[in-house]
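# Geometric and topological summary
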Amino acid sequence: MFIYLSKKIAIPNSIRLKCVSWNKNQGFIACGGDEGLLKVLKLETQTDDAKLKGLAAPSNLSMNQTLEGHSGAVQVVTWNEQYQKLTTSDQNGLIIVWMLYKGSWYEEMINNRNKSVVRSMSWNADGEKICIVYEDGAVIVGSVDGNRIWGKELKGIQLAHVAWSPDSKILLFGMANGEIHIYDNQGNFIMKMTLHCLMNVTGPLSIAGIHWYAGTEGYIEPDCPCLAICYDNGRCQVMRYENDDNPVVIETGVNVASIQWNHCGSVLAIAGSLRSATGDKDLNVLNFYTPFGEHLRTLKVPGKQITAVSWEGGGLRIGLAVDSFIYFANIRPDYKWGYCSNTVVYAYTRPERMEYSVVFWDTKNNEKFVKYVKSLMSVTTCGDFCILATKADDSHPQEDADPEAGAATYVLVLCNSIGTPLDSKYIDIDPLFVTMTKNHVITASKEAFYAWQYRVAKKLTALEINQVAKTRKEGRERVYHIDDSPSGTTDGTLDFAKAFTATRDPICCITASDRTLIVGRESGTLQKYSLPNITLLQKYSLAYRAYQLSLNCNSSRLAIIDMTGVLTFFDIEPRGSSGDAEGGASTGDPSKFERKDVWDMKWANDNPDLFAMMEKTRMYVFRNLDPEEPIQTSGFICNFEDLEIKSVLLDEIMKDPERPNKDYLMNFEIRSLRDSRALIEKVGIEDASQFIEDNPHPRLWRLLAEAALQKLQLKTAEQAFVRCKDYQGIEFVKRLGNLQSEAMKQAEVAAYFSRFEEAERMYLDMDRRDLAISLRIKLGDWFRVLQLLRTGSGDSDDALQEQAYNAIGDYFADRQKWLNAVQYYLQGRNQERLAECYYMLEDYEGLERLAYSLPENHKLLPDIGQMFVTVGMCEQAVSAYLRCSQPKAAVDACVHLNQWNKAVELAKNHNMKEIGPLLSKYASHLLEKNKTLEAVELYRKAHHFLDAAKLMFKIADEEAKKRTRPLRVKKLYVLAALLVENYHTQVKNSQQSKAKGKTSEATSALAGLLEEDASTSDSRIVDKAWRGAEAYHFFLLAQRQLYDGNVEASMNTGVNQSVT
């Protein structure tokens, strides 16, 4: 982040300020001071320029109201933002609640206890309750409408501070002696807070501030510290909750006066004074820390004594009460953001989610894709890709991590421009600094850096994709300690153990280009390495510590922004006197260049001497270290290419991150481009050509070429296209030169500049409808092609019309508007796509009609058959397969759909040899489902009488064992025997057909019997087929005779039964 003082407001009569508070929702600023001073101010932007937004827009006081009512020094001011009320208190104990009415503030309620002075007041998160603490130990909790909820006297205690927990269940009371007591919301004591920051501290001290962030904008990390407690001696602790045993302890070294969290709990501001080096006076400072105690920035503030600090609602400005002035400072936050492939990638937190919401906003199509990432640390972009650095999640398996190295702590995720993860790497070093080139991702902790030569799947073969896990062994990932001197030859190991060796000179920043890596260290040393083989080439020494580094496009010059926002340059390669490749301009002396208050800079991608930088709320463009006139903006620079700067107003986007607006994307042309365009428009092409000759750039030559084309000055256009190396442009000019008609040339030029309506109109005026149609075909505007075709007639129109119908059908099909597509495919007679549309519409009747309308053996019939199979329509599938002479496919379809009868019938009708295995398969299928009788019927219909008989005998035997009705068993045996007789007849007929009448009937019968005997494995079934039927017949007859009283006949029958 970067901070700078931007405005100062003086209080009349030099009255000293005691307190200041900024209303986060409505933007009102309340300040209180000596002699009963109480003012409410409001800063609002007032500009007619729509491009001036955010901090760049000028702000003026739209409200400056003095509130009369206090006589003593106003010591406490606090806002109730939900109910738009202001509560103030003075040294006499007088409390006033103010309300806004018709644009002015008026007294609503007054309370004066007359016993003691109010030391602190705090509204809870929802604005329903206020807690007021008095110096003598009195506590009052009241409601927003002025009613007292409860009161309590804490005997023998001097109170100094109070704070509510985010859920309003706990109150923290700060004592004058520095102790902090925890109470519930009914005033019952719970415990004393353990103050780890005061260990080994002696002497008197007091609490400078307690601020508990309520989580209204979400948290930057799960379980993030949010309760800050700071003492006047500079000791501070930041806790996750009120009884956190392991708080973050900060030693600020400052005599603290006031503290406050920003709007999202990501930055803690601590204001106070520091004894100067000379010791003669105190220096006012404002320090910024993360919730984890990391120091971000220090701002030096003029004046004698700083008394209070308060953030603006959006976290972009901060107000400071210093003596009799309010100072305002602008903040340039460290957003997690990047720009790749026309896509702005940015991350923000939401109160309802523990993860970061990472938005990939495609600015070209105005589409956004959201990805949720836990514990996001940074976003880095290059080219078409993006790296998200996160802390590893224990709940997900680390497939990429080395099993011998244990669990990795951090993850680097490579994403494309819509947020799709392409690859990821688990690493053990803390990715504090990340940079990215077209081939490498380099990340560094304070002691070591890790290089990953990434590859994207679209460039890999299938074999390489399968070997991605082996990439570490191939040396694509390497770790180097900052104190090592790699030679580039013996590397290739991925040993994170070396990364934890301490160093006396830690890393503080890194940058890289395709062939150079620069690592900055806290001592001011810069180390230059080569890429891709990482070799330490050189060390440079600076007199200051770098905060941000950036290499130009040919890696010859390094831009350095230090901790105080000073931009300087350093040549890391000798530069020729000729300057860049195109001009002979002097490159300037980098050692004499210095700019202050710089918070962002970007080199041009196509010129090593062009760069843009942000200085406060102004953007400067430099060519050869000479500045152009500044542009008023507060945007972050996305890209600098083709003499155009693209910047994004992230401050505005973050106000409503779910709905990014294209108005927040700004394009700025640099002066040479603006001047060239003005010369072309106002002076002429010849003068502009001379100017561009003196200031060469491909974009300027392209501008000249286009202007010359417009005026049909083809020679100038061709020369300009040659200078900007535009081969297509050269070819176009040559084609124009071959045209005779001026009108035709104008039409071609109009088409070249995408003025298609104008070009079409010109073609039609020349009675060249064919060229108008050809233009629309190139554009893929088939709707217009169809309209043009209908306006005339020609020999080729029918074929074109059919093509247009099919193209429009494809248009609707791509958008899954199948019904519209069908109408056009019918007119275009595209049967293949028509079949697909019917299938997608589930219009199987239409599909069936289409199949019958096709000629036999049409190539589409098998596909239609397969479509019917997938939806279980067997009969239609068989019909389609048979019409294209594929009976086997028809049988397979029947088998797939369990239509075995149909399958057998088809196999039989088409004399298919595989009918035997097919029958067996179907029979086993039926037997698995205990459908034995259906299997018998199957074999009988297929004339496999013996197999049917075997199954029938099996059924009869099972029924006999069950002692079922004898008559039923007899019928089953009779049926089995009849099947055996059918078998005999079949064998006899086959022998007769083989003999073809050459032998006698007796001979053929004998041959049949011999074949039967040879082929039958179960002779009992064949030879004694009627035995079971006879036995049950005699059994039934004997029973009937016995019951009729004919005992002797029954006995004879029984004897015959036993013989049988």
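In this convention, every chain numbers its residues from 1, walking through the sequence in written order. Local features in this predicted model are restricted to residues of pLDDT 70 or higher, and side-chain atom pairs are both shown and tallied only at a pLDDT of 80 or more, whereas totals for entire chains, interfaces and linings draw on every residue. The side-chain figures draw on all heavy atoms in the structure; neither hydrogens nor water molecules are used.

Our next topic: the overall build of the protein. Per the convention used, a helix needs a DSSP run of H or I reaching at least four residues, while a strand needs a run of E reaching at least two, with both numbered from the N terminus. What the protein contains, in helices and strands, is 27 helices and 55 strands. Between buried and exposed lies partly exposed: a residue is buried under 20% and exposed over 50% of the maximum accessible area for its type, with that area taken using a 1.4 Å probe on protein chains only. Relative to its full complement of 1060 residues, the protein shows a buried share of 51%. We call two residues in contact when some of their heavy atoms are within 4.5 Å. Pairs at least 24 residues apart make up 46% of the contacts formed inside the protein by residues separated by at least 6 positions. With residues, only the protein chains shown are counted as cover, and all accessible areas are computed by Shrake-Rupley using a 1.4 Å probe. Working note: accessible area of the protein is about 50900 Å², and carbon and sulfur atoms make up 47% of it.

The next point concerns the pattern of salt bridges. Put simply, a salt bridge is a Lys or Arg side-chain nitrogen that is within 4 Å of an Asp or Glu carboxyl oxygen. Under the counting rule described, the total for this entry stands at 47 salt bridges. The partner of E352 in a salt bridge is R350, and the shortest N-O contact between them spans 2.9 Å. The partner of E629 in a salt bridge is R674, with the nearest N and O atoms 2.6 Å apart. Placement of E629 in the loop between β51 (626-627) and β52 (631-632) and of R674 in helix α3 (residues 671-682) is noted, with a sequence separation of 45 residues between them.

To continue, consider the packing of aromatic side chains. Two aromatic rings, drawn from Phe, Tyr or Trp (for Trp, its six-membered ring), form a pair once their centres lie within 6.5 Å of each other, and the interplanar angle then sorts them: stacked below 30 degrees, edge-to-face above 60, tilted otherwise. Under the defined criterion, the tally for this structure stands at 36 aromatic pairs. Summarising the aromatic geometry, the rings of W599 and F636 are spaced 5.0 Å apart at their centres and angled 65° between planes, so their arrangement reads as edge-to-face. One end of the pair, W599, is in strand β48 (residues 598-603); the other, F636, is in strand β53 (residues 636-641), with 37 residues separating them in the sequence. On the accessibility criterion, F636 (6% relative accessible area) is buried.

Turning to the pairing of strand β17 (residues 189-192), a few remarks are in order. Two elements, strand β16 (residues 180-184) and β17, share three bridges in a ladder whose sense is antiparallel. Residue Y183 lies in a different strand from β17, and its bridge partner there is F189. In short, DSSP must find at least two bridges between two strands for them to pair. Remark: four residues form the turn of the hairpin made by β16 and β17, two consecutive strands paired antiparallel; G187 in that turn has positive phi of roughly 90°.

Our focus in this paragraph is the pairing of strand β12 (residues 138-143). A regular strand carries its side chains on alternate faces of the sheet. Of all six residues in β12, six are buried; the element is thus mostly enclosed. What you see with β12 is no split at all: A138, I140 and G142 on one side and V139, V141 and S143 on the other are buried throughout. Hairpin connection between strand β11 (residues 129-134) and β12: a loop of three residues separates the two successive antiparallel strands, and G137 in this loop has a positive phi of roughly 100°. Relative to strand β13 (residues 148-153), β12 is paired through five bridges, and the arrangement is antiparallel. Considered in β13, the bridge of I140 is made with G151. Counting the residues that bridge the hairpin from β12 to β13 gives four residues, and of these G146 lies at a positive phi of roughly 100°.

Moving on: the packing of α3 against helix α5 (residues 698-710). With axes taken as lines fitted to C-alpha atoms, and helix axes fitted only over the stretch in contact, angles between N-to-C directions fall between 0 and 180 degrees. Direction vectors running N to C along α3 and α5 enclose 15°, while the axes themselves pass 10 Å from each other. For the element pair α3 / α5, the angle class is roughly parallel. For the pair α3 and α5, the crossing hand works out as right-handed. Across the interface between the two elements, S672, L673, S676, R677 and I680 of α3 pack against R699, L700, L703, L704 and A707 of α5. Amino acids outside the nonpolar list (Ala, Val, Leu, Ile, Met, Phe, Trp, Tyr, Cys, Pro) and the charged list (Asp, Glu, Lys, Arg) are all regarded as polar, and Gly is one of them. Each residue belonging to the contact of α3 with α5 can be placed in one class, and the counts come to six nonpolar, two polar and two charged. Between 65 and 115 degrees an angle is taken as roughly perpendicular, under 35 as roughly parallel, over 145 as roughly antiparallel, and anywhere else as oblique. In this scheme the handedness of a crossing depends on how the near helix is turned from the far one: anticlockwise by less than a right angle means left-handed, clockwise means right-handed.

Our focus in this paragraph is the confidence of the model for the protein. In low-pLDDT regions, the fine details of the predicted coordinates are not to be read closely. In predicted models, pLDDT denotes the confidence assigned by the predictor to each residue on a 0 to 100 scale. Here the protein averages 86 in pLDDT, and 89% of its residues register 70 or above. Below a pLDDT of 50 lies the segment residues 577-586, which in the model reaches 17 contacts outside its immediate sequence neighbourhood of four places, other chains included.

Attention now moves to the environment of E981. Considering the arrangement of structural elements, one finds E981 in helix α23 (residues 966-995). As for E981 and W1026, which are separated by 45 residues in sequence, their C-alpha atoms are 9.7 Å apart.

Its place among the elements puts S143 in strand β12. Within polar-contact distance, the side chain of S143 engages the side chain of D145 at 2.2 Å. Discounting residues that sit within four places of it in the chain, S143 has contacts with E128 and I149. The definition of a polar contact used here is a pair of N or O atoms within 3.5 Å, where within protein one atom must be able to donate a hydrogen and the other to accept one, and adjacent residues in sequence count solely through side-chain atom pairs.

Spatially, four strands are ordered β1-β28-β27-β26 in an open sheet, and the strand pairing comes out antiparallel. Of all the strands in the sheet, just β1 (2-10) and β26 (306-311) have a single pairing partner and so form its edges. Geometrically, the sheet is characterised by an average inter-axis angle of 25° between neighbouring strands, direction not taken into account. Bridge count between β26 and strand β27 (residues 317-322): five bridges; the pairing is antiparallel. Looking at the pairing, I306 lines up with V322 of β27.

Here we take up unusual backbone geometry. Peptide bonds are trans in most cases, and residues, glycine excluded, mostly fall at negative phi. Geometrically, the link from L531 to P532 is a cis peptide bond, its omega value of 5° lying close to zero. Mapped onto the fold, P532 is located in the loop between β43 (525-530) and β44 (535-541). A positive phi angle is found at S168, which is not glycine, with a value near 65°. Considering the arrangement of structural elements, one finds S168 in the loop between β14 (159-164) and β15 (170-175). Taking the relative accessible area as the measure of exposure, S168 reaches 10% and is therefore buried. The phi dihedral of D642 falls on the positive side, at around 55°, and the residue is not glycine. Among the secondary structure elements, D642 is positioned in the loop between β53 and β54 (644-648). On the basis of relative accessible area, D642 is assigned to the partly exposed category, the value being 26%.

What follows covers the nonpolar core. The nonpolar side chains of soluble globular proteins are, as a tendency, buried together. Take the buried Ala, Val, Leu, Ile, Met, Phe, Trp, Tyr and Cys residues and link them wherever side-chain atoms come within 4.5 Å; each set so joined is a nonpolar core. Counting residues in each nonpolar core, the largest one holds 60 residues, and the members touching the most others are W337, Y346, I645, V648 and L709. If you tally residues by element for this core, the top one is α5, at eight residues. Excluding its chain neighbours within four sequence positions, the residues that come into contact with V648 are W337, V344, G635, F636, C638, I653, Y664 and L665. One finds A772, A851, M867 and L897 within the second-largest nonpolar core, a separate group that totals 57 residues.

Here we come to the packing of helix α11 (residues 782-790) against helix α12 (residues 797-814). Two elements in contact, α11 and α12, have axes whose closest approach is 9 Å; the angle formed by their N-to-C orientations is 150°. As summarised for this structure, α11 and α12 are arranged roughly antiparallel, according to the angle between their axes. Here the hand of the crossing between α11 and α12 comes out left-handed. When α11 is examined against α12, the residues W782, F783, V785, L786, L789 and R790 are found in contact with a partner set consisting of D797, L800, Q801, Q803, A804, Y805, A807, I808, Y811 and F812.

Across the sheet, which stays open at both edges, the four strands sit in the order β2-β3-β4-β5 with antiparallel pairing between neighbours. Only two strands of the sheet have a single partner each, and these edge strands are β2 (17-22) and β5 (59-66). Here the average twist between neighbouring strands, direction ignored, is 20°. Looking at chain direction, strand β4 (residues 38-45) and β5 are connected through seven bridges and run antiparallel. Counted as the bridge partner of L43 is L61 from β5.

What follows covers the side chain of T390. Within the secondary structure, T390 is located in strand β34 (residues 385-391). Judged by its relative accessible area of 6%, T390 falls in the buried class. Beyond its immediate stretch of four places on either side in the chain, T390 contacts V373, K374, S375, L376, M377, Y410 and V411.

All right, on to a nonpolar patch on the surface then. Exposure above 30% relative accessible area and the lack of any salt bridge qualify a residue for a patch; like charges then connect within 9 Å, and the nonpolar side chains Val, Leu, Ile, Met, Phe, Trp and Tyr within 5 Å. A cluster of nonpolar side chains, namely L1042, Y1043, V1047, M1051 and V1055, defines an oily patch on the protein surface of about 560 Å² accessible area. Looking at the nonpolar patch, the elements with two or more residues in it are α26 (1027-1043) and α27 (1047-1059). The element contributing the most residues to the nonpolar patch is α27, with three residues.

A few words on helix α10 (residues 769-779). Residues R769, A772, I773, L775 and R776 constitute the buried set of α10. Take α10 and look down its axis: the buried residues cluster within an arc of 155°, on one side only. Elements that come into contact with the buried residues of α10 comprise α8 (742-752), α9 (756-765), α11 and α12. G780 occupies a position one or two residues after α10 and carries a positive phi of about 75°. It is the directions from the helix axis to the C-beta atoms that the arc portrays.

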